[in-house]
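Structural overview
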Amino acid sequence: MIWRFGLYDNTFDPLWMTDWALAAVLLLPMVFGALGAVFRPSRLLPVALACLPILLAGGVMVLDYQQVGLLRWQWEVAGIELTLRLSGLSALMLLITQWTAAAVAVYTPGYLRLTLPNASVRWLWPLMGLLVSALSLIWLAADLLILYAALESMGLAAVGMLLLSGKSAALQAGMRYLLLALVGSLAFLLGVALLMSQWGTLDLIALEARVEPEPLTWVAAALIGAGLALKAALFPLHGWLTPVHENAWTPVSALHAALVIKASLYILMMLWGILLPETLFAPRLVAWLGMLAIVWGGLVAWRADSLKTLIASSTVGQLGYLMVAFPLVLGPNIAPLPLSLAWDGFWLHLMGHALAKAAMFMAAGNLIIATGESSLKALAGTSRRLPLSLLIFGMAAVTLMGLPPSAGFTAKWLLLQSMVLTQQWLAVAALLAGTLLTAAYVFRVFRYSFDETAPRHDYQPLAPGMDAVALCLAVAAFALGLLAHFPLGLLHGGGA
Amino acid sequence: MNAAWLPLTTLATSLFAAVIIFSLPEEARRVRTYINLLAAVAKILLVIVMVGRVSEGYEDTFSFQIVGGVDFVLRADALGVMFAGLSSLLWLCTTIYAIGYLEGAANRKRFFGFFSLCVTSTLGIALSGNLFTFLIFYEMLTLSTYPLVVHAGSAKALAAGRVYLRYTLTAGVVLLLGVVLLYSLTNDHSFASEQGLSPYLDDHRGLLTLIFALLVGGLAVKAAMVPLHGWLPRAMVAPAPVSALLHAVAVVKAGAFGILRVIYDLYGIELSVELGVTTVLAVAASITIIYGSLRAIAQEELKPRLAFSTISQVSYVVLGVSLFGPFGTIGALAHLLHQGLMKVTLFFCAGNYAEELGIHRLDEMDGAGKRMPLTSLAFTVGALGMIGLPPTAGFITKWYLGMGAIEADMYWVVAVLVASSTLNAIYFLPIVHRLWFREGPAHGKGQWPKEQSLGRLETHGWLLWPAVLTAVISIGAGLLAGLPFSPLDWATRVAVGEYLP
């Protein structure tokens, strides 16, 4: 299991160019973020130019991984060994993070110009840079210290961004999120401390070799699990998610739902793979909660009155799909074929959801800007005036529903096949019911929009590129579904 | 030599048309019309090339891997090309009709964009080379028809759209489950495989039956088999060209075609008989045929009557499939084409009456034959075809279905055929009688509900000619059934291929 995360000794030294690419991937987002605070770009072009070198650096890293194999960097700082490694999974996550974040960044200037936000806007860029750097570090980290540091900086950057909109409701929701995130961090830290004291190492490979199934490990795993579940808004610890998204700026919501919560999930999967190999109960519990999450998230989204609540609740349900896959990936006695199917399906769903959710938030943001209201009722009659935004919303929704030809469908296919092979019929039922529930709340939106009897009113025109960026993400989610073979090839070890 | 580009290009023509139409502004009416017609004609030409290739014995295949063990396959085989030919021919007619029908209406860009997507999906269904690819296009069809069904944007249309989605999405989930189960059992199973699923019979009899039930159950919703037909009459609120396309090729036929694929190319006819599922299917189809006809008689309005008639007629295809033997197969395949031609004619005519004279109810149709002779002639041809009178195309299929029933020793099916033809006559002949032999507003008695003079002819030319064209083709398909490349000839070719591999 653990080799799938690239945690084994058979590594290669990176090429010199990869070292520079690594530095660029980790540092450039922060540098450009700081520059953004100074220059406050109001046009799309400078932002796109700033994204370019970062994307190139990411591309170089992926290419080197494909040519060389599993890469490792190691430093010793003040007696502590710090390790980074680039596996196929890290490379894939890195790409998704960079491209989604770049799309969000390109979307942002237009959004800010139209919504005329308050003075705190200058903080958005540095926080976004920090967030991207922290995320990249999480995908690459191979020891608990770096992992913890990156998780913390990511969490703080996320809280900061969510608070920016300055509304009192946003402050309230943001403070609650901050508090819960801190509780989550404390639980995580406590778990790490327990592990450190017992097994005397922070390096993940060493830990994997030394750790033994005993109560202390289980306590640590439970603490880490609870902390990360809280940060990842896994059901039933998702209560903070909706109010936070309700009041945040659209690009912030998009980044948060697409990437931030996924990072916690990634760490959870990796650490449980180390601490609880071949266990029955913990992954099973997560899967049960996941089934509830699918139903609950779907029902809440179905009843939602506001567009952003709907999308946020849909995230809860979509995470449920991933939770249901936990026992297939972590559980004992899973044959190689269903395990590999579930593994592919898990990450494909995670990536597809990241792209589609970002696209959906942007499309919804565009609709909200154009109509001036965030309720579903305000959408009445929009199909005539805002067809493109609605089309993008629909394409993103196809991915969320898991209908072809989208990444959501291919992922669901893989998960279903794995579940059928392991005869988990309840999980199959949950997945299929999730499709119908998702369709129910998505088409509620369209029912409002197709209403031709609604009164006309004037719509705010959108800035150039705002729809185009969202469209690119939605199309990418489609392409990921049809061409899933290539990213999944990277996942299977690529060069190594 | 494998021309992989051929099925792909054929699929891409209408997909590109959709993308271009979506990117054009709403006002670009003329460009949109050109794009629509150009793509439709190009598609027909490509399908003709495919027909030529298939009759030379090639099966052009395009495929790539989606994930391990699952491929995306487009293959131009005889059965697929048959359905592709129907959909591309009727797409051209319906596009011309729709351009005339929606003149001056709102949201035409959305309409034609999704219309093209809908045809793309239908063609994809026709050319799918395995069940996974079929599923992709089948679900795409559901999604792309929803905006067409709710096009009017009225409360009634939105409610109909909701019902439509409830039925079709649930069916899609059932189908997905069946497909996943099948793939878990057999891995990727191409439609072109000679073997069928018989190697799995001994060990997995129950599972095979279950999968069959799931697959056909999912497909039967779109094929509107009783009791899964509830969405179809409600979906009548859609504009006339949409109804025409939905009933003649797109949705209803996609379901019937899927059942054909499952029985002929997936399970194999021998295995289906061995499992005993064909008898169940024949009974279900017979019930649907009779029930649909009975409900059609009870309808007071023209479009609902046609809708229930569709429910009844499409099940002829399913009935023919479930008769073991080449004649039943020929009847089923030929009916797939013939019913499409005749039904599309009837819906065009119904739309013409509604547009030109405001006629929706049957009792308003008195004497309309004098006011709109060509439309009424076309309608009469369609109606007589539905009843199955010679020399129309409908006669041919009923003849072959009857022969198939006798060949399979299922005499009760003959009784069903006779009963349903009688019922068809009961609900179609009075309309024909009203059109030609009753006196109405055209003779100076009363007036039409809402008369508009849309053109120099009896109605707008774009509305009239497609109806006349499809009526002529459906007579031609009956009269010239013996010629090569007629629907019957092609159906025979497919059936021979199935039974004499």
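Predicted, not measured: the structure shown is a model, and the values here were computed from it. (Residues numbered from 1 in each chain as written. Chains lettered and ligands numbered in written order. Predicted model: local features only at pLDDT ≥ 70, side-chain atom pairs only at ≥ 80, totals over all residues. Heavy atoms only, no water.)

1. Describing the overall build of chain B
As a reminder, the rule being used: Helix numbering and strand numbering both begin at the N terminus, where a helix is a DSSP run of H or I of at least 4 residues and a strand a DSSP run of E of at least 2. With C-alpha atoms as the basis for the radius of gyration, the globule rule is written as 2.2 Å multiplied by the number of residues raised to the power 0.38. To sort residues, take the accessible area from a 1.4 Å probe on protein chains only and compare it with the maximum for the residue type: under 20% means buried, over 50% means exposed, and anything in between is partly exposed. In this description, contact between two residues means that some pair of their heavy atoms is separated by no more than 4.5 Å. Using the Shrake-Rupley algorithm and a 1.4 Å probe, accessible areas are obtained, with residue cover drawn only from the displayed protein chains.
Within chain B, the regular secondary structure consists of 20 helices and 2 strands. The globule rule puts the C-alpha radius of gyration for 501 residues at 23 Å, and the 22 Å found for chain B is close to it. In chain B, which comprises 501 residues, the proportion classed as buried is 65%. Considering only contacts in chain B between residues 6 or more positions apart, those separated by 24 or more positions represent 80%. Only carbon and sulfur atoms are counted for the fraction: they give 65% of the accessible area of chain B, which is about 16600 Å².

2. Let's talk about the overall build of chain A
As a reminder, the rule being used: By the counting rule applied here, Lys and Arg register as positive and Asp and Glu as negative, while His and the ends of each chain are not counted. Note on charges: their place is set at NZ of Lys, CZ of Arg, CG of Asp or CD of Glu.
Helix and strand counts for chain A stand at 20 helices and 2 strands. Whereas a compact globule of 496 residues would reach a radius of gyration of roughly 23 Å, chain A reaches 21 Å, a difference of no more than 12%. Expressed as lengths along the three principal axes of its C-alpha atoms, the size of chain A is roughly 70 × 55 × 40 Å. Of the contacts formed within chain A by residues at least 6 apart in sequence, a portion of 82% connects residues at least 24 apart. Split by element, the accessible area of chain A, about 17200 Å² in all, is 70% carbon and sulfur. Considering chain A, the positive charge centre built from 23 side chains and the negative charge centre built from 21 side chains are found 15 Å apart.

3. Topic: the side chain of His349 of chain A
All names here are of chain A. Along the chain, His349 falls in helix H14 (residues 336-371). Exposure remark for His349: the relative accessible area of 5% places this residue in the buried category. Look past the residues within four positions of His349 in its chain and what remains in contact with it is Gln318, Tyr321, Leu322 and Ala411.

4. A closer look at the packing of helix H12 (residues 307-324) of chain A against H14 of chain A
All names here are of chain A. Formally: Axis angles are defined between N-to-C directions and span 0 to 180 degrees, where every axis is a line fitted to C-alpha atoms and, for a helix, only to the segment in contact. Put simply, angles under 35 degrees are roughly parallel, angles over 145 are roughly antiparallel, angles from 65 to 115 are roughly perpendicular, and the rest are oblique. Think of it as three bins: nonpolar holds Ala, Val, Leu, Ile, Met, Phe, Trp, Tyr, Cys and Pro, charged holds Asp, Glu, Lys and Arg, and polar takes everything else, Gly as well.
Look at H12 against H14: their axes get within 11 Å of each other, and the N-to-C directions meet at 175 degrees. The orientation of H12 with respect to H14, classified from their angle, is roughly antiparallel. Contact with H12, carried on its side by Leu307, Lys308, Ile311, Ala312, Ser314, Thr315, Gln318, Tyr321 and Leu322, involves Phe346, His349, Leu350, His353, Lys357, Met360, Phe361, Ala364, Leu367 and Ile368 of H14 and no other residues of that element. Partitioning the contact of H12 with H14 into residue classes produces 12 nonpolar, 5 polar and 2 charged.

5. As for the nonpolar core
Cut-off, in case you're wondering: Put simply, a nonpolar core is a bunch of buried Ala, Val, Leu, Ile, Met, Phe, Trp, Tyr and Cys residues held in one set by side-chain atoms that sit within 4.5 Å of each other.
With 392 residues, the main nonpolar core has Ile138, Trp347 and Trp413 of chain A together with Trp231, Tyr267 and Tyr353 of chain B as its most contacted residues. In terms of residue count, the dominant contributor to this core is H14 of chain A (23 residues). Not counting chain neighbours up to four residues away, the residues in contact with Tyr353 of chain B comprise Leu302, Gly358, Ile359, Met365, Ala368, Met372, Thr375, Ser376, Phe379 and Leu435 of chain B.

6. A short note on the interface of chain A and chain B
The condition is simple: We define buried area as the total accessible area lost by two parts upon association, computed with a 1.4 Å probe and summed across both. Should a side-chain nitrogen of Lys or Arg be within 4 Å of a carboxyl oxygen of Asp or Glu, the pair is scored as a salt bridge. For the purposes of these results, a polar contact is taken to be a pair of N or O atoms within 3.5 Å, where, inside protein, one atom must be able to donate a hydrogen and its partner to accept one; residues adjacent in sequence count only when each atom of the pair is a side-chain atom.
The partner chain B presents 35 residues to the 37 residues of chain A that form the contact. Buried surface at the junction of chain A and chain B, both sides included, amounts to about 3100 Å², of which 79% is carbon and sulfur. Interface area lost by chain A to chain B is led by Trp413, Arg447 and Phe450 of chain A, which between them contribute 23%. Viewed at the interface, chain B and chain A are joined by 0 salt bridges. Our count for the contact surface shared by chain A and chain B stands at 3 residue pairs in polar contact (both at pLDDT 80 or more).

7. Section: the packing of aromatic side chains
What counts here: What counts as a ring pair is set by centres within 6.5 Å for rings of Phe, Tyr and Trp (its six-membered ring), and what kind of pair is set by the plane angle: stacked under 30 degrees, edge-to-face over 60, tilted for all other angles.
Taken as a whole, this structure holds 40 aromatic pairs over all chains when the rule is applied. The interplanar angle of 80 degrees and the centroid separation of 6.4 Å between the aromatic rings of Phe112 of chain B and Phe115 of chain B together place this pair among those described as edge-to-face. Of this pair, Phe112 of chain B and Phe115 of chain B both sit in helix H4 (residues 108-127), 3 residues apart, roughly one helical turn. Since its relative accessible area comes to 0%, Phe115 of chain B is described here as buried. Their ring planes at 25 degrees and their centres at 5.5 Å tell us that Phe134 of chain B and Tyr138 of chain B sit as a pair that is stacked. Here Tyr138 of chain B and Phe134 of chain B lie together in helix H5 (residues 131-149), a separation of 4 residues that amounts to about one turn. Here Phe134 of chain B and Tyr138 of chain B have matching classes, each one buried. Taken together, the ring pairs connect Phe5, Trp139, Tyr266, Trp272, Phe326, Trp343, Phe346 and Trp347 of chain A into an aromatic cluster.

8. Overview of the pattern of salt bridges
All names here are of chain B. According to the stated counting rule, one finds 12 salt bridges over all chains in the structure shown. In this structure, Glu356 and Arg371 form a salt bridge, with 2.5 Å as the shortest nitrogen-oxygen distance. Remark: Arg371 occurs in helix H15 (residues 368-371) and Glu356 occurs in helix H14 (residues 326-357); sequence separation between them is 15 residues. Residue classification places Glu356 among the buried positions, given a relative accessible area of 1%. With a shortest N-O distance of 2.9 Å, Arg434 and Asp366 are connected by a salt bridge.

9. A short note on the UniProt feature "domain: NADH:quinone oxidoreductase/Mrp antiporter transmembrane" (unreviewed entry) in chain B
Cut-off, in case you're wondering: UniProt positions are given in the numbering used here, feature names are shortened, and annotations may be inferred rather than shown by experiment.
Sites flagged by UniProt as "domain: NADH:quinone oxidoreductase/Mrp antiporter transmembrane" (unreviewed entry) map to residues 128-421 of chain B. Overall, residues 128-421 of chain B shows 77% helix and 0% strand. The separation of its end C-alpha atoms is 34 Å.

10. Section: the UniProt feature "domain: NADH:quinone oxidoreductase/Mrp antiporter transmembrane" (unreviewed entry) in chain A
The positions UniProt marks with the feature "domain: NADH:quinone oxidoreductase/Mrp antiporter transmembrane" (unreviewed entry) are residues 141-438 of chain A. End-to-end, the C-alpha atoms of residues 141-438 of chain A are 35 Å apart, and along that stretch the chain is 80% helix and 0% strand.

11. Overview of helix H10 (residues 250-275) of chain A
All names here are of chain A. To be explicit about the condition: In this analysis, the expected span of each helix is defined as 1.5 Å times one less than the number of residues it contains. For a residue, the bend is simply the angle between two axes, fitted respectively to the seven-residue segment ending there and the seven-residue segment starting there.
The end-to-end C-alpha distance of H10, which contains 26 residues, comes to 37 Å, matching closely the 38 Å that a straight helix rising 1.5 Å per residue would cover. The largest bend in H10 amounts to roughly 40 degrees and is located at His256. With respect to burial, H10 is a largely interior element, 26 of its 26 residues being buried.

12. Here's the deal with the pairing of strand E1 (residues 61-67) of chain B
Residues and elements named next belong to chain B. What counts is decided by this rule: Here, a strand pair is defined by DSSP locating no fewer than two bridges between the strands.
Looking at chain direction, E1 and strand E2 (residues 70-75) are connected through 6 bridges and run antiparallel. Each residue of the ladder has a partner; that of Phe62, found in E2, is Leu74. Hairpin connection between E1 and E2: a loop of 2 residues separates the two successive antiparallel strands, and Gly69 in this loop has a positive phi of roughly 85 degrees.

13. Topic: unusual backbone geometry
With an omega of 0 degrees, the peptide bond running from Phe235 of chain A to Pro236 of chain A counts as cis. Position of Pro236 of chain A relative to the elements: it lies in the loop between helix H8 (215-231) and helix H9 (241-247). Residue Pro405 of chain A is bonded to the preceding Pro404 of chain A through a cis peptide linkage, with omega at -5 degrees. Residue placement: Pro405 of chain A occurs in the loop between helix H16 (387-401) and helix H17 (407-421). Positive phi outside glycine occurs at Asn107 of chain B, with the angle close to 60 degrees. Residues other than glycine seldom take positive phi values, yet Asp409 of chain B does so here, at roughly 60 degrees. For Asp409 of chain B, the location among the structural elements is in the loop between helix H17 (393-407) and helix H18 (411-437). Residue class for Asp409 of chain B comes out exposed when judged on its relative accessible area of 55%.

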